[in-house]
Amino acid sequence: MSPRASGRAAEAGAGALDGRQLQPAKHQVAGHLRENGKAGSLVDVQRGTWYKPLQEGQRGERELAFYRRLFNREATTGQPRRQDCEQTEQGPQEGAGEGASVRAGDVVRGRSSSGVSGSAASGHPVLAHFVPKFFGCDLVSGRPYLRLEDVTRGYRKPSIADIKVGFRTWYAQADDAYIQKCQRKDRATTSAALGFKVCGMQVFDEESGSYFKASKNWCKVSLTPASVGEALKRFASNGLGLNAESVYGGPQGALAQLQELESWFRQQTEFHFYSSSVLLIYEGQAKSPEEARVQVKLIDFAHTHQDMGEQDNNFLSGLQSLREAMSAHVECSPEPDAEAPATPADSL
């Protein structure tokens, strides 16, 4: 079984209404997609902002709390709630289907205290460099959304991989049913064995003028510990001369950036990340490493816990494993700063 290459992506016009028009995020490769009536991410193509649905209950509270704490520590007094995205006027009913745009009048700003400038000082500047900037929380058609930096903006044809990191996706504070559900999923994918799993990816192919796409369902069913290396190798090949050496190697490549992120994880004891992903991005029409402009970002924080007081060995071990898998395809990969921690004993 193999993923089918998609047809040439339609370049939908982004007509602006009062300078703003939201459209379904066509470059989202995994996570909660906008399909089958579900809310998915939106983008403001004019302003370069990404609207991510705020999840219900504690998941949404944790993600909003993480962004507020990371980008402005003074904004963390009290437990943030979905009500931080306060509606100040009645927006229209949810009804935009796939491919439809959301009009500017459907967007309602939240309380000014709910968000901070993306350039606000952070207590963790290294981590903040790897996380999409946070601009606040808005209501769109009555639904709360996180307003974030669109990290795909500026790429003509972004090639993207979403890779969930960690030998386990569950946390000890969860109930038994949730833990057992996560354990089954971790064993059924490459998470428990490798410490990471590819959740979805797209690679622009110049010859066909379309994207090679591996959906999250295909990745879940088809990728095994034996085959995931080939998937990483395929991701770095665009048919224009780029390869794993170009995308992963070199001082600006993914391996060097992952090493910087690993170094931060070895020092920090504040956060534990579960079910968070590393997002890899490069220019699909690039012919050289310089044109590729490789980015490594850290996303998805609905299961991030704060004030832990100990190193996050689960996520750190997964990062190390991912970097080793990439290094297998690169002749001169950077050396790690220190010995990586052992695989967490309770990962299985």
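A short tour of the structure in this document, coming up. Every chain is numbered on its own, with residues counted from 1 as its sequence reads. Confidence filtering applies because this is a predicted model: local features only for residues at pLDDT of at least 70, side-chain atom pairs given and counted only at 80 or more, and all residues used for totals across whole chains, interfaces and linings. As a rule here, side-chain values come from all non-hydrogen atoms in the structure, and water together with hydrogens is ignored.

Notes on the packing of helix H8 (residues 254-267) against helix H10 (residues 313-327)
Turning to step 1, where the next piece is worked out: To obtain each axis, a line is fitted to C-alpha atoms, and for helices this fit is confined to the stretch in contact; angles are then taken between N-to-C directions over 0 to 180 degrees. Helical segments are the DSSP runs of H or I of at least four residues, strand segments are the runs of E of at least two, and each set is numbered from the N terminus. Where H8 contacts H10, the two axes come as close as 10 Å, and the packing angle between them is 160 degrees. Here H8 is positioned roughly antiparallel relative to H10, judged by the angle of their axes. As H8 runs across H10, the sense of the crossing is left-handed. Of the residues in H10, those in contact with Ala254, Leu255, Leu258, Gln259, Leu261, Glu262, Phe265 and Arg266 of H8 are Phe315, Leu316, Leu319, Gln320, Leu322, Arg323, Met326 and Ser327.
Turning to step 2, where the next piece is worked out: Charged residues are taken to be Asp, Glu, Lys and Arg, nonpolar residues to be Ala, Val, Leu, Ile, Met, Phe, Trp, Tyr, Cys and Pro, and polar residues to be all remaining types, Gly included. Residues of the contact of H8 with H10, tallied by class, amount to 10 nonpolar, three polar and three charged. Roughly parallel means an angle under 35 degrees; roughly antiparallel, over 145; roughly perpendicular, 65 to 115; everything else is oblique. Each crossing is labelled by how the near helix is turned from the far one, with a counterclockwise turn of less than a right angle marking it left-handed and a clockwise turn marking it right-handed. Only heavy atoms matter for contacts: two residues are in contact if any of them lie within 4.5 Å across the pair.

Let's talk about the pattern of salt bridges
Turning to step 1, where the next piece is worked out: By definition, a salt bridge exists where a carboxyl oxygen of Asp or Glu is found within 4 Å of a side-chain nitrogen of Lys or Arg. What the rule picks out here adds up to eight salt bridges.
Turning to step 2, where the next piece is worked out: As a salt-bridge pair, Arg266 and Glu262 come within 3.0 Å of each other at their nearest N and O atoms. Here Arg266 and its partner Glu262 are both found in helix H8, four residues apart, which amounts to about one turn of the helix.
Turning to step 3, where the next piece is worked out: Here the term buried applies to any residue with accessible area under 20% of the maximum for its type, exposed to any over 50%, and partly exposed to those in between, with areas from a 1.4 Å probe on protein chains only. By relative accessible area, which is 16% here, Arg266 ends up buried.
Turning to step 4, where the next piece is worked out: Among the salt bridges present, the one from Arg323 reaches Glu262, with a minimum N-O distance of 2.5 Å. Residue Arg323 is found in helix H10, and its partner Glu262 is found in helix H8; the two are separated by 61 residues along the sequence. Glu262 carries the same exposure label as Arg323, and that label is buried.
Turning to step 5, where the next piece is worked out: Here the salt bridges do not stand alone but share partners, grouping Lys52, Glu63 and Asp300 into one network.

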